[in-house]
Every structure is written in C-alpha cells, then in structure tokens.
Amino acid sequence: QVQVLESGGGLVQPGGSLRLSCTASGRTFSDYSMAWFRQAPGKEREFVAAIRNSDGTPYYSNSVKGRFTISRDRNKLSNQLQMNNVKPDDAAQYYCAFRGSRIAFGSLPQSDVYDYWGQGTQVTVSS
C-alpha cells in the first residue's frame, strides 16, 4: 500500500507565495504520476496540476497556469507545488494524488485515474 503525505499548507497573503510538498512511500514504481487537486467549501474538487515522472512534463489547469509550478524529483516519489501570486480563490484544502502506472498525458486532470490520495493540507488566503 502506498501512503501519500502533503505538507506546506498554511496562511498566505494575497499575492504571496507558498510551496506545497507531497511524498509517497511504501513501494517502488518505475512509471508513475502525481497530481494536486483542491476543494473549497461549497465547491467541487478541482484539478490543479499534475506531472508524469517519465517525462516531467507538467499539466496545469487554466486557473493556475502561469502562477503555479509543479516539479518532481525523479529519484523520489515526491513533488513540489510552488504557488506564486496567490489569489483568494486559491484558498482550499489541497490534496496530493498518486498513480503508480502509465497513463496518457491527457488523462492527468481526471481525479478517478489516481490510485492513492493524501489527507490534504489547508491553504488559507488572507491579509
């Protein structure tokens, strides 16, 4: 079984920056993908960003493109989500998701393709 753990959430001012981290552990994978989703009160869960370990090409939602950056450590089951120019609408519970097998790049934003999920880390945006 794979365990997924997020960290780095907290309070950030509008326009500020925050970096979230995600680490998966429990076994070794040769081909995997990791992603971030978020859910705010009263809203449905939405895709934020994803990355495949095989090629390292990121996939971003339009709402965060140009502001957030996802990166991965190819030698570790981990990734970082750098959040810059944070907006109030970015406030949410952020979840890291992990898939332990190959997947088409275009399917990365689909939440149901991921096998394991973390418990989430809260991001609050306030002055």
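Here the structure is shown first, and the text comes after it.
The rules we used
- The residue numbering used here restarts from 1 in each chain and proceeds along that chain's sequence as written.
- For a predicted model such as this one, the threshold for reporting local features is a pLDDT of at least 70, and the threshold for listing and counting side-chain atom pairs is 80 or more; totals across whole chains, interfaces and linings nevertheless cover every residue.
- Side-chain figures throughout are based on the complete set of non-hydrogen atoms in the structure, without hydrogens or water.
- What is meant by a nonpolar core is a set of buried Ala, Val, Leu, Ile, Met, Phe, Trp, Tyr and Cys residues, joined one to another through side-chain atoms within 4.5 Å.
- Exposure categories follow from relative accessible area, calculated using a 1.4 Å probe and restricted to protein chains: below 20% of the type maximum is buried, above 50% is exposed, and the middle band is partly exposed.
- In this analysis, two residues are considered to be in contact whenever any of their non-hydrogen atoms come within 4.5 Å of each other.
- By the criteria applied, helices consist of DSSP H or I runs no shorter than four residues and strands consist of E runs no shorter than two, each listed in order from the N terminus.
- Aromatic pairing here means that ring centres of Phe, Tyr or Trp (its six-membered ring) are within 6.5 Å. Orientation follows from the plane angle: under 30 degrees is stacked, over 60 is edge-to-face, and everything else is tilted.

Below, the discussion takes up the nonpolar core. If you look at the biggest cluster of nonpolar residues, it comprises 30 residues, and the most contacted ones within it are Trp36, Leu81, Tyr94 and Phe98. Leave out the neighbours within four places in its chain, and Phe98 touches Val2, Val4, Ala24, Phe29, Tyr32, Ser33, Met34, Leu77, Tyr114, Asp115 and Tyr116. Ala35, Ile103, Leu108 and Tyr114 belong to the second-largest nonpolar core, a separate cluster that totals 9 residues.

Inspection of the secondary structure puts Ser33 in strand β4 (residues 33-39). Under the relative-accessibility criterion, Ser33 is labelled buried at 2%.

Turning to the packing of aromatic side chains, a few remarks are in order. Under the criterion given, the structure shown has 9 aromatic pairs. Relative to Phe47, the ring of Phe37 lies with its centre 5.5 Å away and its plane at 70°, an arrangement referred to as edge-to-face. Taken together, the positions of Phe37 in strand β4 and Phe47 in strand β5 (residues 46-52) put the pair 10 residues apart, joining distant regions of the chain. A residue is classified by how much of its surface remains accessible, and Phe37, at 2% relative accessible area, is buried. Under the relative-accessibility criterion, Phe47 is labelled buried at 10%. Here Phe37 and Tyr114 contribute two aromatic rings whose centre-to-centre distance is 5.7 Å and whose plane-to-plane angle is 75°, an arrangement assigned as edge-to-face. Taken together, the residues span a long stretch of sequence, with Phe37 in strand β4 and Tyr114 in the loop between β9 (92-99) and β10 (116-117) at a distance of 77 residues. Relative accessible area serves as the criterion here: at 6%, Tyr114 is assigned to the buried category.

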